[in-house]
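# A look at the structure
Spelled out, the chains give:
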Amino acid sequence: MSDIIQFLQQRNSAPKLTEPGPSAGQLEEIFRAGLRAPDHGRLRPWRFISIAGDRRIAFGELLEHCLVARSPNADITTRDKARNAPLRAPLVVVVVVNVTEHPKVPAMEQRLSGACAAQGILLATEASGFAAIWRTGANAFDRAVMDGLGLKASEEIIGFLYIGSRQGPGKPIPELNTSDFVSSW
Ligand SMILES: Cc1cc2nc3c(=O)[nH]c(=O)nc-3n(C[C@H](O)[C@H](O)[C@H](O)COP(=O)(O)O)c2cc1C
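Treat the numbers as computed from the prediction; the structure is a model and nothing was measured.

Take the site of the ligand next. Close to the ligand lie Arg 11, Asn 12, Ser 13, Ile 133, Trp 134, Arg 135, Thr 136, Gly 137 and Lys 171, which account for all nearby residues. Arg 11 is positioned with one of its side-chain polar atoms (N or O) 2.7 Å from an oxygen atom of the ligand. The fraction of the free accessible surface of the ligand (610 Å²) that becomes covered by protein chains is 55%.

Structure (structure tokens):
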């Protein structure tokens, strides 16, 4: 079996991440992998927002502000969790999809292309010796978060990719049987 196939079969998210994250040069290569997402009509419906260093603090403040707007009675623990969320990794990449009207490419296909871009980034991150996890949650669907990040009205968040170095041992990879998922017709 080729090393690449084996690598694909063993991709593994990392919920616990620490320094270092990828360098600017490594990140450039990682984003280039994201840009190879399948893309019906070559709409290039995706873009990526990188949030690193102190910008994570500002992003955390935005998340806390939006949490309080959504849930005015949020307790201090919940507020702290929201504010500190971006500090869980050296880098957060927001995957954004610009959903537009197209005669042949429905909105769902544009979102799926964004998801493929996200997967490309996850795989390239891991191939570069780092680790990552794709998260969403209420923040991903909150227009106020999108506005705070400067998204246009037609843009949506597909995911927050937390990227850094794996902290602790990797999670076990589930043993799945292809026969449970594959059939012939
Ligand atoms: C669209 C999407 C959103 C996700 N959102 C979250 C999330 O908010 N929090 C979380 O812990 N995992 C989330 N996950 C799951 C993790 O990214 C990851 O797939 C899961 O922990 C299983 O690990 P594995 O990918 O290594 O099998 C999401 C996955 C996808 C595809």
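Here the narrative resumes, following the displayed structure.
What follows is about the packing of helix α2 (residues 24-34) against helix α5 (residues 107-127). Closest axis-to-axis distance for the α2/α5 pair is 7 Å, and the angle between their directions is 140°. Judged by the angle between their axes, α2 and α5 are oblique. Crossing of α2 against α5: the hand is right-handed. Contacts from Ile 30, Phe 31, Ala 33 and Gly 34 of α2 reach α5 at Ala 117, Gly 120, Ile 121, Ala 124 and Thr 125. Taken together, the residues of the contact of α2 with α5 break down into six nonpolar, three polar and no charged.

Next up on the list: the pattern of salt bridges. Inspection of the entire model under this criterion finds eight salt bridges. With a closest N to O distance of 3.0 Å, Arg 83 and Asp 80 form a salt bridge. Taken as a pair, Arg 83 and Asp 80 lie in helix α4 (residues 76-84) at a separation of three residues, close to a single helical turn. Given a relative accessible area of 28%, Arg 83 falls into the partly exposed group. The partner of Asp 147 in a salt bridge is Arg 143, with the nearest N and O atoms 4.0 Å apart. Of this pair, Asp 147 and Arg 143 both sit in helix α6 (residues 143-148), four residues apart, roughly one helical turn. Because the salt bridges share partners, they merge into one network encompassing Glu 64, Arg 79, Asp 80 and Arg 83.

Across the interface, helix α3 (residues 55-70) lies against α4 with an axial gap of 7 Å and an inter-helix angle of 145°. Between α3 and α4 the crossing geometry is right-handed. Along the contact surface, α3 presents Gly 60, Glu 61, Leu 63, Glu 64, Leu 67 and Val 68, while α4 presents Thr 78, Arg 79, Ala 82 and Arg 83.

Let us look at the nonpolar core. Core analysis: the biggest nonpolar cluster contains 23 residues, and Phe 59, Val 94, Val 145, Leu 149, Ile 157, Phe 160 and Tyr 162 have the highest contact counts within it. Sorting the residues of this core by element identifies β2 (46-52), α3, β3 (91-98), β4 (131-135), α6 and β5 (155-166) as the ones contributing at least two each. The dominant element in this core, judged by the number of residues it contributes, is α3, at four residues. The next biggest cluster of nonpolar side chains, apart from the first, holds 20 residues, and it includes Val 99, Ile 121, Leu 122 and Ala 124.

Turning to its location among the elements, Ser 13 is positioned in the loop between α1 (3-9) and β1 (17-18). If we skip the residues at most four places from it in the chain, Ser 13 touches Ala 132, Ile 133, Arg 166 and Lys 171.

Right, let's talk about the environment of Ala 153 for a bit. Mapped onto the elements of the fold, Ala 153 is located in the loop between α6 and β5. Along the backbone, Ala 153 and Asp 39 are 114 residues apart, and their C-alpha atoms lie at a distance of 21 Å.

Thresholds, definitions, all that
Within every chain, residues take consecutive numbers counted from 1 along the sequence as written. The predicted origin of the model limits local features to residues at a pLDDT of at least 70 and limits the giving and counting of side-chain atom pairs to 80 or more, whereas totals for whole chains, interfaces and linings rest on all residues. To obtain the side-chain values, all non-hydrogen atoms of the structure were included, while hydrogens and water were left out. To be near a molecule or strand, a residue needs just one of its heavy atoms within 4 Å of it. N or O atoms within 3.5 Å of each other form a polar contact, as long as, within protein, one can give a hydrogen and the other can take it, and as long as residues adjacent in sequence are counted only when both atoms are side-chain atoms. With residues, only the protein chains shown are counted as cover, and all accessible areas are computed by Shrake-Rupley using a 1.4 Å probe. Axis definition: a line fitted to C-alpha atoms, over the contacting stretch in the case of helices. Angles run 0 to 180 degrees between N-to-C directions. Helix numbers and strand numbers start at the N terminus; a helix is a DSSP run of H or I with at least 4 residues, a strand a run of E with at least 2. For this classification, under 35 degrees means roughly parallel, over 145 means roughly antiparallel, 65 to 115 means roughly perpendicular, and everything else is oblique. Here a crossing is taken to be left-handed if its near helix is turned anticlockwise relative to the far helix by less than a right angle, and right-handed if that turn runs clockwise. By the convention used here, residues are in contact when the closest approach between their heavy atoms is within 4.5 Å. The classification used treats Ala, Val, Leu, Ile, Met, Phe, Trp, Tyr, Cys and Pro as nonpolar, Asp, Glu, Lys and Arg as charged, and all other residues, Gly among them, as polar. Salt bridge, as used here, is a side-chain nitrogen of Lys or Arg placed within 4 Å of a carboxyl oxygen of Asp or Glu. Exposed residues in this analysis have more than 50% of their type's maximum accessible area, buried residues have under 20%, and partly exposed residues fall in between, with area computed by a 1.4 Å probe over protein chains only. Only buried Ala, Val, Leu, Ile, Met, Phe, Trp, Tyr and Cys residues count toward a nonpolar core, and they belong to the same one when joined by side-chain atoms within 4.5 Å.

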